[in-house]
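# Chain and residue survey
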Amino acid sequence: KAGVTQTPRYLIKTRGQQVTLSCSPISGHRSVSWYQQTPGQGLQFLFEYFSETQRNKGNFPGRFSGRQFSNSRSEMNVSTLELGDSALYLCASSPTGQSTDTQYFGPGTRLTVL
Amino acid sequence: AQSVAQPEDQVNVAEGNPLTVKCTYSVSGNPYLFWYVQYPNRGLQFLLKYITGDNLVKGSYGFEAEFNKSQTSFHLKKPSALVSDSALYFCAVRDAYSADSWGKLQFGAGTQVVVTP
């Protein structure tokens with residue numbers, strides 16, 4: 001099976017712009033989670049989607065949003081970019097998102113905000 | 001609330017020697033525990049997990065981990081380290097019965113492992 005794919009791999013944006021990141025889960029996986037990884041804060045959970053519904057959300061401002069499509073592909077959007085949004089954004093998929101599920105991660109999208 | 005502590009920022013070991021990466025956790029209910037490894041400019045790769053049953057869990061690439069409920073620990077071990085094991089290792093936890101666990105892993109800060117030839 002193909003793994004989790006994320007596009008684009010690298011992005012450079014300026015403050016105030018918005019950005020959309022894409023994630024394609026492993027075939028058959030219906031749960032998609034997003035994480036932000038920074039040197040200072042480590043890995044932080046953004047949100048999780050299952051069957052096009054957001055089931056869980058981390059402590060991030062409303063500028064961070066996401067959605068999931070009927071084929072389980074997911075996008076996340078960050079509006080009004082700030083310098084502090086520079087990070088590696090990781091997407092992970094699992095069959096159902098249940099507690100016992102293993103999450104499988106994509107290679108990430110490296111976002112740089114200038 | 002759930003949390004994970006990885007007390008060592010970096011672990012240095014010579015190739016061929018045993019490798020141990022420490023992890024302790026805190027959850028309200030029963031823990032589900034995971035180890036991941038991250039190579040530079042890559043995503044996280046799953047190594048192993050503990051859900052229930054035998055306290056010694058065997059995973060990928062010769063790694064294993066021991067769940068110790070009384071010490072709330074889940075240390076990662078490898079009997080003989082390789083230079084290629086040099087990477088960033090993350091421990092993660094979920095509370096088995098928390099509604100906040102849907103699709104969410106709580107990660108530790110990570111431990112950098114450096115294996116020298």
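Just above, that's the structure.
First, a word on what this report is: a plain description of the structure on this page.

### Describing the packing of aromatic side chains
By the definition in use, this model includes 15 aromatic pairs over all chains. Between the aromatic rings of F47 of chain A and Y49 of chain A, the centroid separation amounts to 5.7 Å while the plane-to-plane angle is 70 degrees, which identifies the pairing as edge-to-face. Y49 of chain A carries the same exposure label as F47 of chain A, and that label is buried. Members of the aromatic cluster, joined through ring pairs, are Y35, F45, Y104 and F105 of chain A together with Y36, F46, F90 and F107 of chain B.

### So, the pattern of salt bridges
Residue and element names in this part refer to chain A. A complete count under the given rule lists eight salt bridges over all chains for this structure. Measuring nitrogen to oxygen at the nearest pair gives 2.7 Å for the salt bridge that ties E48 to R55. E48 sits in the buried class, given a relative accessible area of 0%. Its salt-bridge partner being E82, residue R63 comes within 3.6 Å of it at the nearest N-O pair. Taken as a pair, R63 in the loop between β6 (53-57) and β7 (64-68) and E82 in the loop between β8 (74-78) and β9 (87-94) lie far apart in primary sequence, 19 residues in all. Under the relative-accessibility criterion, R63 is labelled buried at 16%. Each member of the salt-bridge network shares a partner with another, and the members are R63, E82 and D85.

### Regarding the state of the cysteines
Taken as a whole, this structure holds two disulfides over all chains when the rule is applied. Between the sulfur atoms of C23 of chain A and its disulfide mate C91 of chain A the distance is 1.7 Å. As the torsion about the S-S bond is roughly -50 degrees, the C23 of chain A-C91 of chain A disulfide counts as left-handed. Within this pair, whereas C23 of chain A is found in strand β3 (residues 19-24), its partner C91 of chain A is found in strand β9, the two being separated by 68 residues in sequence. Of the residues examined, C91 of chain A reaches a relative accessible area of 0% and is grouped as buried. Note that C23 of chain B is cross-linked by a disulfide to C91 of chain B, the S-S spacing being 2.0 Å. Measuring handedness by torsion sign, the sulfur bridge of C23 of chain B and C91 of chain B sits at about -60 degrees and is left-handed. Taken together, the residues span a long stretch of sequence, with C23 of chain B in the loop between β3 (19-21) and β4 (24-26) and C91 of chain B in strand β10 (residues 87-95) at a distance of 68 residues.

### Overview of empty space enclosed by the protein
Under the definition given, this model contains one cavity of 30 Å³ or more. Taken as a whole, the largest cavity encloses approximately 50 Å³ of empty space. Surrounding the largest cavity, R9, Y10, L88, P107, G108, T109 and R110 of chain A together with N41 and R42 of chain B form its lining. Considered class by class, the residues forming the lining of the largest cavity number three nonpolar, three polar and three charged.

### Here we look at the sheet that holds strand β1 (residues 5-7) of chain A
Residue and element names in this part refer to chain A. Pairing is antiparallel across the open sheet formed by four strands, whose spatial order is β1-β3-β8-β7. For this open sheet the edge positions go to β1 and β7, each flanked by a neighbour on one side alone. Averaged over all pairs of adjacent strands, the angle between strand axes in this sheet comes to 20 degrees, irrespective of strand direction. For β7 and β8, the ladder comprises five bridges, and the chain directions are antiparallel. Within β8, the residue paired with G66 across the bridge is M76.

### Re the nonpolar core
When a protein is soluble and globular, its nonpolar side chains tend to lie buried together. Judged by nonpolar contacts, the single largest core of 27 residues is most densely connected at L19, W35, L47, L48, F74, L76 and Y89 of chain B. Elements with a minimum of two residues in this core: β2 (10-14), β3, β5 (31-38), β6 (44-50), β8 (64-68), β9 (73-78), β10 and β12 (111-116) of chain B. Residues within four places of L76 of chain B in sequence aside, it is in contact with L19, T20, V21, W35, L47, L48, F63, E64, A65 and Y89 of chain B. L21, F60, F64 and C91 of chain A belong to the second-largest nonpolar core, a separate cluster that totals 21 residues.

Rules used in this analysis
- Residues numbered from 1 in each chain as written.
- Chains lettered and ligands numbered in written order.
- Predicted model: local features only at pLDDT ≥ 70, side-chain atom pairs only at ≥ 80, totals over all residues.
- Heavy atoms only, no water.
- Phe/Tyr/Trp six-rings, centres within 6.5 Å; stacked < 30°, edge-to-face > 60°.
- Buried < 20%, exposed > 50% of the residue type's maximum accessible area, 1.4 Å probe, protein only.
- Salt bridge = Lys/Arg side-chain N within 4 Å of Asp/Glu carboxyl O.
- Helix = DSSP H or I, 4+ residues; strand = E, 2+ residues; numbered from the N terminus.
- Disulfide = S-S within 2.5 Å.
- 1 Å grid on protein atoms, 1.4 Å probe; cavity = no way out; pocket = protein on both sides within 12 Å on 5 of 7 lines; lining within 4 Å.
- Points joined across faces, edges and corners; volume = space filled by probe spheres on them.
- Nonpolar A, V, L, I, M, F, W, Y, C, P; charged D, E, K, R; others polar.
- Pairing = 2+ DSSP bridges.
- Axes fitted to C-alpha atoms, helices over the stretch in contact; angles between N-to-C directions.
- Core = buried A, V, L, I, M, F, W, Y, C linked by side-chain atoms within 4.5 Å.
- Contact = heavy atoms within 4.5 Å.

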